[in-house]
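Geometric and topological summary
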Amino acid sequence: MIQAKTKIKIPILTIAGSDCSGGAGIQADLKTFSAHNLFGMSVVLSVVAENTARVISCFDVPTKIIDEQMLAVYEDIEPAAVKIGMLGSKEIIACVKENLLKFNAKNVVIDPVMFAKNGYALMPLENCQFFKDEILSLADVLTPNIPEAEFLCGFKILNEDDMKKAAIKLYEEGAKSVLIKGGHSKDNTNDIFYDGKEFSIFKAEKIDTKNTHGTGCTLSSAIASNLALGKEKHKAIKLAKDYVYGAILNSLALGKGCGPTNHFYKFDKEE
């Protein structure tokens, strides 16, 4: 009999919807966790039938099963950080909030997933205010893209000054820090981070590719990964942005629509 070589890895949790095509949602989060050498766990909130071109349908998991998934995780393996993605109903928002408070979740990164790449509403628009009222204050880092920030804030975002204005508003509404993602800008993909005291700009050039499916999920889970690894917020975001930039630069030509990023590009062998 051979003795097992037992190792310890830092555990981390994603609470989100699934993506059966593997590019976004829980599947993207778990790949990102693995790429950061972490032990990924998941609580499934919604099952989404989607691919690179379209969303076909979405089924929300009953809150009883969400409660039991959360209990199963926290009674056995407490995560060092939590990434939260798609919250498809008011009942799910309330359920997730209750569990985060119950289990005193640490390093919570909330990605307010509202729309799929094709515009499909993953969070019903009428739930937006409820989302802000109920769960925004639990975000150690909130990571909306420009369209999501526009909807949460109620005004158009046309430049970096508007991004800063949005970050301040969301901070004042409860988020402990806010990263406004600039991937929808025309000229660059600069992100703006506000921690309640000062702004930081994370700059990046645009990459000429359509393969950006799941980039928001990947960035938020990369931030959570770095927080789990003990990085402070600014460093965690910088490392996460660099990781996502590489994943897009080395993206995968799969599917008929917006292809997925390459979560394991650092491990690819040179051909």
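Labelled according to an unreviewed UniProt entry, the protein chain appears under the name hydroxymethylpyrimidine kinase, originating from Campylobacter armoricus. Here is the UniProt Pathway (unreviewed entry) comment for the protein chain, exactly as written: "Cofactor biosynthesis; thiamine diphosphate biosynthesis."

**Considering the nonpolar core**
Soluble globular proteins tend to bury their nonpolar side chains together. Grouped together as the largest cluster of nonpolar side chains are 46 residues, with contacts concentrated most on Ile-15, Leu-87 and Phe-131. Broken down by element, this core gets its largest block of residues, 5 residues, from helix H3 (residues 90-102). When residues no more than four places from it in sequence are discounted, the contact partners of Ile-15 are Val-43, Leu-45, Met-70, Val-82, Lys-83, Ile-84, Gly-85, Val-96 and Leu-100. Counting 24 residues, the second largest nonpolar core, distinct from the first, contains Phe-33, Val-109, Ile-223 and Ile-248.

**Remarks on the pairing of strand S3 (residues 55-60)**
Regular strands show a simple pattern: their side chains alternate between the two faces of the sheet. As paired strands, strand S2 (residues 39-50) and S3 are joined by 5 bridges and run antiparallel to one another. What sits directly across from Val-48, in S3, is Cys-58. Counted along the chain from S2 to the antiparallel partner S3, the turn is 4 residues long.

**A short note on the environment of His-263**
Among the structural elements, His-263 can be located in the segment after helix H8 (233-249). Look at His-263 and you get buried, because its relative accessible area is 5%. Here the alpha-carbon distance between His-263 and Ser-251, two residues 12 residues apart in the chain, equals 8.4 Å. Setting aside residues no more than four positions away along its own chain, His-263 makes contact with Gly-23, Ala-28, Lys-31, Thr-32, Ala-35, Thr-218 and Tyr-243. A polar contact is formed between the side chain of His-263 and the side chain of Thr-218, at a distance of 2.8 Å.

**Regarding the packing of aromatic side chains**
Under the definition given, this model contains 5 aromatic pairs. Judged by centre distance (4.8 Å) and plane angle (10°), the ring pair of Tyr-74 and Phe-103 falls under stacked. Of the two residues, Tyr-74 is situated in helix H2 (residues 63-74) and Phe-103 in the loop between H3 and strand S5 (108-110); the sequence distance between them amounts to 29 residues. Grouping residues by exposure puts Tyr-74 and Phe-103 together as buried. Consider the rings of Phe-264 and Phe-267, whose centres lie 6.3 Å apart with planes at 50°: the pair is tilted. Positioned above the aromatic ring of Phe-199, the side-chain terminus of Lys-164 is 5.4 Å from the ring centre. The ring of Phe-155 carries Lys-165 above its face, with NZ or CZ at 4.5 Å from the centroid.

**Re the packing of H2 against H3**
One can describe the packing of H2 onto H3 by two numbers: an axis separation of 10 Å at closest approach and a directional angle of 20°. By the criterion of interaxial angle, the relationship of H2 to H3 is roughly parallel. The hand of the H2/H3 crossing is right-handed. Here Thr-63, Ile-66, Asp-67 and Met-70 of H2 come into contact with H3, specifically with Glu-91, Ile-92, Cys-95 and Asn-99. The class makeup of the residues in the contact of H2 with H3 is 4 nonpolar, 2 polar and 2 charged.

Calculation criteria
Residues numbered from 1 in each chain as written. Predicted model: local features only at pLDDT ≥ 70, side-chain atom pairs only at ≥ 80, totals over all residues. Heavy atoms only, no water. UniProt positions renumbered as here; feature names shortened; annotations may be inferred. Core = buried A, V, L, I, M, F, W, Y, C linked by side-chain atoms within 4.5 Å. Buried < 20%, exposed > 50% of the residue type's maximum accessible area, 1.4 Å probe, protein only. Helix = DSSP H or I, 4+ residues; strand = E, 2+ residues; numbered from the N terminus. Contact = heavy atoms within 4.5 Å. Pairing = 2+ DSSP bridges. Polar contact = N/O pair within 3.5 Å; in protein donor to acceptor, adjacent residues only side chain to side chain. Phe/Tyr/Trp six-rings, centres within 6.5 Å; stacked < 30°, edge-to-face > 60°. Lys NZ or Arg CZ within 6 Å of the ring centre and 35° of its normal. Axes fitted to C-alpha atoms, helices over the stretch in contact; angles between N-to-C directions. Parallel < 35°, antiparallel > 145°, perpendicular 65-115°, else oblique. Left-handed = near helix turned anticlockwise from the far one by under 90°. Nonpolar A, V, L, I, M, F, W, Y, C, P; charged D, E, K, R; others polar.

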